[in-house]
Amino acid sequence: MSKYDPKHAAFLDSEERKSRLPPERLLSFLELETQDVVLDLGAGTGFLTFPIAEFVEMGKVYAVDVQKEMLDELEKKCAERGCENIDIVLSEEGDIPLKNGLFDKAFAINVLHEIEDEKTLEEIYRTMKNDAQICIVDWDKEVITERGPPTHERLTLEDAVDLLEEHGFTITDKGRLEDYYWMICKR
Ligand SMILES: C[S@@+](CC[C@H](N)C(=O)[O-])C[C@H]1O[C@@H](n2cnc3c(N)ncnc32)[C@H](O)[C@@H]1O
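Residues numbered from 1 in each chain as written. Predicted model: local features only at pLDDT ≥ 70, side-chain atom pairs only at ≥ 80, totals over all residues.

### Thoughts on the overall build of the protein chain
Scanning the protein chain from terminus to terminus reveals seven helices and seven strands. In terms of C-alpha radius of gyration, the protein chain reaches 15 Å, essentially the compact-globule figure of 16 Å for 187 residues. Its C-alpha atoms give the protein chain principal-axis dimensions of about 40 × 35 × 30 Å. Counting over 187 residues, the protein chain shows a buried share of 39%. (Helix = DSSP H or I, 4+ residues; strand = E, 2+ residues; numbered from the N terminus. Rg over C-alpha atoms; globule rule 2.2 N^0.38 Å. Buried ≥ 20, exposed ≤ 12 C-beta atoms within 10 Å, placed from the backbone.)

This is how it looks when you write it as structure tokens:
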């Protein structure tokens, strides 16, 4: 597993990417409420963090990532836009430095294939409230694409379902979206 190279951070926010993975479509996977406290795991430079923050105007989004370079970019954007409900958190592989049962909702967009230590999944579970939902979207191993991580690093939808179930989650819905699979899991 390799981590996304911060040198290519600009692509994450490109129009091409937005058209393939429209942020409003991603938000619609969960029934977000305006007061929700939301985890954006592997937030990168904030592709989905900012749309979440706009939606949960009375709540908060925690942008969590293991790469400081990515979070530095996110922080710059926050300073420019004056966001008040985004907390930026540098985590470590297998360790999310936040309390138990904090999150109402969670997103992990194009992150699952980069997770090296399955303890990260235990950490997501630990930091979510009972019955909280997570939306996971990632590159589908069964689709050949010009962009994206090497096939051997990707998961199939079926492997991703097994992995999440092994860590205690219940899959409530799943499907495919262009080059990606998506899953909604309940704690
Ligand atoms: C392909 S980028 C996607 C970023 C963002 N979610 C987006 O859709 O634009 C994957 C991000 O996940 C982060 N990441 C990888 N493994 C992680 C882990 N175990 N915990 C937290 N973040 C992780 C990487 O540092 C990188 O910023």
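Don't stop here, the text continues.
### Remarks on the site of the ligand
Inspection of the region around the ligand gives 22 residues, with Gly 42, Gly 44, Phe 47, Gln 67 and Glu 114 positioned closest. The class makeup of the residues in the shell around the ligand is twelve nonpolar, six polar and four charged. (Near = placed C-beta within 6 Å. Nonpolar A, V, L, I, M, F, W, Y, C, P; charged D, E, K, R; others polar.)

### Examining the sheet that holds strand S5 (residues 128-139)
With mixed pairing, seven strands are arranged side by side in an open sheet as S3-S2-S1-S4-S5-S7-S6. Both outer strands of the open sheet, strand S3 (86-90) and strand S6 (170-177), are each paired with one neighbouring strand and no more. Between one strand and the next, the sheet's axes are offset by a mean angle of 15 degrees, whatever the strand orientation. In this structure, strand S2 (residues 60-65) lies alongside S3, joined through five bridges in parallel fashion. Its bridge partner lying in S3, Val 61 is registered against Ile 86. On the sheet, helix H6 (residues 119-127) packs against strand S1 (37-41), strand S4 (103-109) and S5 and is oriented at approximately 140 degrees with respect to S5. (Pairing = 2+ DSSP bridges. Axes fitted to C-alpha atoms, helices over the stretch in contact; angles between N-to-C directions. Contact = placed C-beta atoms within 7 Å.)

### Quick word on helix H5 (residues 68-81)
The first and last C-alpha atoms of H5 sit 20 Å apart over 14 residues, in line with the 20 Å expected at 1.5 Å per residue. All of the buried residues along H5 are Met 70, Leu 71, Leu 74 and Cys 78. The arc enclosing the buried residues of H5, seen along the axis, measures out at 90 degrees, which places them on a common side. In H5, the exposed positions angled more than 90 degrees off the buried face are occupied by Lys 68, Lys 76, Ala 79 and Glu 80. Packed against the buried residues of H5 are helix H1 (9-12), helix H4 (49-55), S2 and S3. (Expected span 1.5 Å × (residues − 1). Arc of directions from axis to C-beta.)

### Observations regarding the environment of Leu 112
By secondary structure assignment, the location of Leu 112 is in the loop between S4 and H6. Residues Leu 112 and Val 137, 25 residues apart in the sequence, show an inter-C-alpha distance of 8.0 Å.

### As for the nonpolar core
Ranked by internal contacts, the top residues of the largest apolar core, which has 50 residues, are Val 61, Ala 63, Ala 106, Ala 108, Ile 134, Ile 136 and Trp 182. Counting residues per element, this core draws most heavily on S5, which supplies seven residues. When neighbours within four sequence positions are excluded, Val 61 is seen to be in contact with Val 38, Asp 40, Thr 49, Ile 52, Ala 53, Val 56, Asn 85 and Ile 86. (Core = buried A, V, L, I, M, F, W, Y, C linked by C-beta atoms within 7 Å.)

### Describing unusual backbone geometry
Trans is the common state for peptide bonds, and a negative phi is the common state for residues other than glycine. You will see that Asn 110, though not glycine, has its phi angle at about 55 degrees, which is positive. Locating Asn 110 in the fold gives a position in the loop between S4 and H6. The buried category is assigned to Asn 110, around which 21 C-beta atoms lie within 10 Å. Within the chain, Glu 178 stands out as a residue other than glycine whose phi angle is a positive 50 degrees. Tracing the sequence through the fold places Glu 178 in the loop between S6 and strand S7 (180-186).

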